[in-house]
Amino acid sequence: MKYYLIAGEASGDLHASNLMKALKREDLQADFRFFGGDLMQAAGGSLVRHYREMAYMGIIPVLLHLRTILRNMRMCREDIRTCNPDVVILIDYPGFNLKIAKFVKTQLNIPVHYYISPKIWAWKKYRIKSFRRYVDRMFCILPFETDFFKSLDYPVDYAGNPSVDSVSTFRASRKNKPDTFRTDNGLSDKPLIAVLAGSRKAEIRQNLPTMLSVAAQFPEFQPVIAGAPGLTPEDYKQATGDNPGTETIYGQTYDLLEHATVALVTSGTATLETALFRVPQVVCYYVVGGRLVNFIFERFFHVPYISLVNLIAGKEVVRELFGAKFSHQKIHEELKRILEDYTYKTKMLEGYDRVISLLGAPGASERTARLIVAYLSGKSS
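Residues numbered from 1 in each chain as written. Predicted model: local features only at pLDDT ≥ 70, side-chain atom pairs only at ≥ 80, totals over all residues. Heavy atoms only, no water.

A. Up close: the packing of helix 10 (residues 201–215) against helix 11 (residues 233–240). Running from amino to carboxyl end, helix 10 crosses helix 11 at an angle of 50 degrees, the nearest separation of the two axes being 8 Å. Judged on the interaxial angle alone, helix 11 and helix 10 are oblique. When you trace helix 10 past helix 11, the crossing you get is right-handed. Taking contact as the criterion, the partners of Lys-201, Ile-204, Arg-205, Leu-208, Pro-209 and Leu-212 in helix 10 are, on helix 11, Asp-235, Tyr-236, Ala-239 and Thr-240. (Axes fitted to C-alpha atoms, helices over the stretch in contact; angles between N-to-C directions. Helix = DSSP H or I, 4+ residues; strand = E, 2+ residues; numbered from the N terminus. Parallel < 35°, antiparallel > 145°, perpendicular 65-115°, else oblique. Left-handed = near helix turned anticlockwise from the far one by under 90°. Contact = heavy atoms within 4.5 Å.)

B. The arrangement of helix 7 (residues 144–151) in detail. Listed in full, the buried residues belonging to helix 7 are Phe-144, Glu-145, Phe-148 and Phe-149. Buried residues of helix 7, seen end-on, are gathered within an arc of 130 degrees and therefore sit on one face of the element. In helix 7, those exposed residues whose orientation departs by more than 90 degrees from the buried face are Asp-147, Lys-150 and Ser-151. Count one or two residues on from helix 7 and you reach Asp-153, which has phi positive near 60 degrees. (Buried < 20%, exposed > 50% of the residue type's maximum accessible area, 1.4 Å probe, protein only. Arc of directions from axis to C-beta.)

C. The arrangement of the side chain of Thr-274 in detail. Examined against the element boundaries, Thr-274 turns out to sit in helix 13 (residues 269–276). The exposure class of Thr-274 is buried, given its relative accessible area of 0%. In this structure, Thr-274 is in contact with Leu-196, Leu-257, Ala-263, Val-265, Val-279, Gln-281 and Tyr-352, ignoring residues within four places of it in sequence.

D. Spotlight on the sheet that holds strand 2 (residues 31–36). Read across the open sheet, the seven strands follow the order 3-2-1-4-5-6-7; overall the sheet is parallel. With one partner strand each, in any of the chains shown, strand 3 (46–50) and strand 7 (157–158) form the two edges of the open sheet. (Pairing = 2+ DSSP bridges.)

E. Looking closely at the packing of aromatic side chains. Tallied over the entire structure, the rule returns 15 aromatic pairs. Plain terms: the ring middles of Tyr-3 and Phe-32 are 5.5 Å apart, the flat faces sit at 35 degrees to each other, and that makes the pair tilted. Of this pair, Tyr-3 sits in strand 1 (residues 2–7) while Phe-32 sits in strand 2, and the two are 29 residues apart along the sequence. Neither residue differs from the other here; Tyr-3 and Phe-32 are each classed as buried. (Phe/Tyr/Trp six-rings, centres within 6.5 Å; stacked < 30°, edge-to-face > 60°.)

F. Spotlight on the pairing of strand 9 (residues 222–227). Most of strand 9 sits out of view: six of its six residues are buried. Neither face of strand 9 is open: one carries Gln-222, Val-224 and Ala-226, the other Pro-223, Ile-225 and Gly-227, and all of them are buried. Across four bridges, strand 8 (residues 192–196) lies against strand 9 in parallel orientation. Looking across to strand 9, one finds that Val-195 is bridged to Ile-225. Handedness of the crossover joining strand 8 and strand 9 through helix 10: right-handed. Pairing between strand 9 and strand 10 (residues 247–250): four bridges, direction parallel. Opposite Gly-227, over in strand 10, you have Tyr-250 as the bridge partner. (Right-handed = clockwise from strand over helix to strand, strands pointing away.)

What is shown is where atoms sit, not what they do.
Given below as C-alpha cells:
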C-alpha cells in the first residue's frame, strides 16, 4: 500500500519514522511519501518537504511566513492528489494537518488516520468537529485521551506511548555494556542534577539561569545540562554566561537521566521521560506575565496540570512551578525537600510507578501499524 505521512516538527519526525519502520514489517509492499525530516528519510521513501521549512510556531512567526505556509499547503494538497495514496497519516501539527485532512476527505475521499492527537483536551476543544468530519481513525499516545474523546462521542485507539518505547530501546542497548558516561564527559564523582531546560532558545534564555542558580546552592551535587537538538553551545553560553563547573552534553539525555539523582525539568515530554527513569523532579517553567498566565490557565484551560506526569496520574505527583509560581526560592525549596525528605521522595516515585503502569508495555509503533493495516485491509471496523 501507499502511505502519505505529514510531520511538521522534530518530534513528529521521530515518531513517524518509528511508525514507518513498523509499517514495513506489517506491509512488505509499503511505499512512503512524506513531509517530514531526516529520520523519516532514513526509514525510506520520498521526502517532499523538510519540516525545517514548515515549523513556524506563534502568531508573529506564522504571520511573517504566511506566504511560505500557504505555498507548502498548496504543494502538499497537489502532491497528495498526484500520489493518490491508500491512506494519509497525520502526525500532531494540527494547524497544518487539520486543513489537509479536510481537503483529503472532501476532495479526494482518501482515508485519513491521525497518529498522536493534538492536545485539544487542554484547549481548543472545538476542534473535535474537524476530527469527526475529516479523520477516520485516531491513534492516541496518552491513556487518559481515550476517556476524553469517548466523552465527546468520538472513538479512538490507545496503542501505547512512544517514550516508553524509546526508554526501553535505550536500556536494551546499554545492557551488558561498560558504564563510561562520567569518564566520557569529564564528570566528577558527585551525584548529578539533570537540568532539562527546554528545546527552544526562548525557553533556555528564560528558564536556565534560574535553574542553574538554584543548583549552585547544592555544592555537593554537579549540575549537568541536557543540550537540546538544534541548539548550540553558543545558545547556552548566551543564556548562562561563563559558568564553571556546569557541563552541557548533547545527544545523551537518556544517559544523563540514567545517572541523575534529581532533575530540574521544564514542561513537556521531558517530564514524562524523567518519570520513566524514576528520577525525582521539579517542574519549573517561566512564562511572561506570570500571574495573568496562572489566572488564564485556571479558568480557561480544560485540565488542572501542565506536566504529562500529573495529567496521566490524574493527581499531583510532581510540583509544577510555572507562571507566578516560578521563582528561585520556590524551586530551591522543592529541590531541598526532594533531597532531604525521604517520605516525600518515595511518594513521588510511587506516583511514577502508577504512571508507568497506566502507560503500558512498549510497542506503540508496532500496535499502531497493525491497527492501520487492519483498518485499511478491512480486517477491523
